[in-house]
Amino acid sequence: MSTDTTRSAILTAAERLYAERGFGDVTLRDIVATAGVNLAAVNYHFGSKDELIAELFVTRSIVTNRQRLNELKAAESAGGGRAPIEAVLRALVGPTLRGCLGPDSQRSDAARFMIRAAIETIPPIRKIKNREIDHLRKFAAAMRRSLPGKPDAEIYWGLHFALAMAQQTVRDSERLLRLSEGACDLDDVDGVIDRVVAVASLALKTNMTGEAEAAERAEARKR
């Protein structure tokens, strides 16, 4: 087996096993057995289990972030350089929700791996999330263009809450389904995206974000 083929086999096996069983229940020996390689190959190509997980997460995140930025670029081009806030937020949360929701039978190993990454926040993934923020700065800039005059803090809060709604929906989709007794249709992915965008954009376009209260507290601290 060539070096590239070995590396690919390890990544494919690891992604499938992590997606099915979670990060804590899968050992490197499980991965090499599924990939048909020896343990030394994993150490050679990745160094450790954490580095293997990190590479998988980075690879999948790059795809999602590229989709986000492509949708943002298209939305701003259509708007002559400034997109409505709803379009910006749709580009932000749409790729994640489209990738992770929908019928189980239609979910790829990559999608199920990213769902697992959302549910089980482990140190190597947490480090990457905290470090990889450049693409989010581009969304913050687009949100400023959509909402000129909106304080920077509110832009960042709005971005944060939109991402949080999307991640929580992915992470606790089964609980929502049980709580609503099936009334919330998580297979209607476009409908889920519409709801997240509607709530996040409404908060940003009104004072639901607490701008006035925050300003009053800041002024009180100065006194």
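Residues numbered from 1 in each chain as written. Predicted model: local features only at pLDDT ≥ 70, side-chain atom pairs only at ≥ 80, totals over all residues. Heavy atoms only, no water.

### Concerning the UniProt feature "domain: HTH tetR-type" (unreviewed entry) in the protein
Right, so step 1: According to UniProt, the "domain: HTH tetR-type" (unreviewed entry) feature falls on residues 4-64.
Right, so step 2: The span residues 4-64 is 80% helical and 0% strand by assignment, and the distance between its end C-alpha atoms comes to 24 Å. (UniProt positions renumbered as here; feature names shortened; annotations may be inferred. Helix = DSSP H or I, 4+ residues; strand = E, 2+ residues; numbered from the N terminus.)

### Here's the deal with the nonpolar core
Right, so step 1: Within the largest apolar cluster, 63 residues are counted, with the highest numbers of intra-cluster contacts made by Tyr-18 and Ile-31.
Right, so step 2: In this structure, this core is formed jointly by two domains, domain 1 (1-47) and domain 2 (50-222), each of which donates at least three residues.
Right, so step 3: Excluding residues within four positions of it along the chain, Tyr-18 makes contact with Phe-23, Val-26, Ile-31, Lys-49, Leu-52, Ile-53, Leu-56, Phe-113 and Arg-116. (Core = buried A, V, L, I, M, F, W, Y, C linked by side-chain atoms within 4.5 Å. Buried < 20%, exposed > 50% of the residue type's maximum accessible area, 1.4 Å probe, protein only. Domains from an automatic or database assignment. Contact = heavy atoms within 4.5 Å.)

### A few points about the environment of Leu-97
Right, so step 1: Of note, Leu-97 is situated in helix α5 (residues 85-100).
Right, so step 2: Other than its neighbours up to four places away in sequence, Leu-97 contacts Ala-166, Thr-169, Val-170, Val-189, Val-192, Ile-193 and Val-196.

### As for the packing of aromatic side chains
Right, so step 1: Under the definition given, this model contains 3 aromatic pairs.
Right, so step 2: Ring centres 5.2 Å apart and planes at 50 degrees place the aromatic pair Tyr-18 and Phe-23 in the tilted group.
Right, so step 3: Look at Tyr-18 and you get buried, because its relative accessible area is 0%.
Right, so step 4: Phe-23 gets classed as buried once you look at its relative accessible area, which sits at 3%.
Right, so step 5: Taking 5.3 Å as the distance between ring centres and 20 degrees as the angle between the ring planes, the aromatic pair formed by Trp-157 and Phe-161 counts as stacked. (Phe/Tyr/Trp six-rings, centres within 6.5 Å; stacked < 30°, edge-to-face > 60°.)

### Comments concerning the side chain of Glu-15
Right, so step 1: Along the chain, Glu-15 turns up in helix α1 (residues 3-21).
Right, so step 2: A relative accessible area of 6% means that Glu-15 is categorised as buried.
Right, so step 3: When sequence neighbours within four positions are dropped, the list of residues in contact with Glu-15 reads Leu-56, Arg-60, Asp-109, Ala-110 and Phe-113.

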